[in-house]
Each structure stands twice: as C-alpha cells, then as structure tokens.
Amino acid sequence: MMAARGFLADRARRTVALNGAEWTLEDVQGQRGRLVLMDGDGLAETRSFRWLINHADLRLLPITNHLKVGYQEFSITT
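Details of the environment of Thr24
Secondary-structure assignment places Thr24 in strand E2 (residues 21–29). Residues Thr24 and Asp39, 15 residues apart in the sequence, show an inter-C-alpha distance of 6.3 Å. Residues in contact with Thr24, not counting those within four places in the same chain, are Arg13, Arg14, Thr15, Val36, Leu37 and Met38.

Shown next, in the form of structure tokens:
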C-alpha cells in the first residue's frame, strides 16, 4: 500500500500501462476514492483507487517531460 500512496501523491499527468495500453492519470478525486484515466484518443474513464491498485496488469511508466521547440518535440526522462 505504501507504493500506491506514493503513486497517488506524485499524480501530475502520471502515465500507466493497463493491458498494454497507455493511460494518463488526469484527475484524482481523493475524497471520493476515484481517479480519471485518459487514453491517447481522449477517452476518459473514472475508476476507483481500489480497481487501479488491484489491476493485474498495472505498470507505472517513467515520468517524462515533453518540450516542444519549433516543430520538433523533445522528451526528457527523469
């Protein structure tokens, strides 16, 4: 549970993989125990913390910062 607590504390645009698809953590509704995940196509799904933490294929992806310079995009992994 400690890993889950750290994951939710560092939630700003965090990316996860579920069943091979990448999802971005868009919003955390702590008082309701829910969060909003958004896929690359803009589809948003609201799920409970419990659902996400107990998902069998949950993988946390590295945090990246994207910078756009002109027409070229650079990605910095931290």
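From this point on, the discussion continues.
Notes on the packing of aromatic side chains
Scanning the model with the defined rule gives zero aromatic pairs in all. Directly above the aromatic system of Trp51 lies the positively charged group of Arg47, at a separation of 4.5 Å from the ring centroid.

Focus on the environment of Thr15
Within the secondary structure, Thr15 is located in strand E1 (residues 15–18). Separated by 47 residues in the primary sequence, Thr15 and Pro62 have C-alpha atoms spaced 7.5 Å apart.

Some details on the side chain of His55
Assignment of secondary structure puts His55 in the loop between helix H2 (49–53) and strand E5 (58–60). Residue classification places His55 among the buried residues on the basis of a relative accessible area of 18%. The contacts of His55, once residues within four sequence positions are left out, are Leu18 and Asn19.

A short note on the pairing of E1
Neither face of E1 is left uncovered, since the one carrying Thr15 and Ala17 and the one carrying Val16 and Leu18 both have all their residues buried. One ladder, built from four bridges, connects E1 with E2; its direction is antiparallel. Each bridged residue has a counterpart across the sheet, and for Val16 the counterpart in E2 is Trp23. Looking at chain direction, E1 and E5 are connected through three bridges and run antiparallel. In the strand pairing of E5, Ala17 is matched with Arg59.

About the thresholds
Residues numbered from 1 in each chain as written. Predicted model: local features only at pLDDT ≥ 70, side-chain atom pairs only at ≥ 80, totals over all residues. Heavy atoms only, no water. Helix = DSSP H or I, 4+ residues; strand = E, 2+ residues; numbered from the N terminus. Contact = heavy atoms within 4.5 Å. Phe/Tyr/Trp six-rings, centres within 6.5 Å; stacked < 30°, edge-to-face > 60°. Lys NZ or Arg CZ within 6 Å of the ring centre and 35° of its normal. Buried < 20%, exposed > 50% of the residue type's maximum accessible area, 1.4 Å probe, protein only. Pairing = 2+ DSSP bridges.

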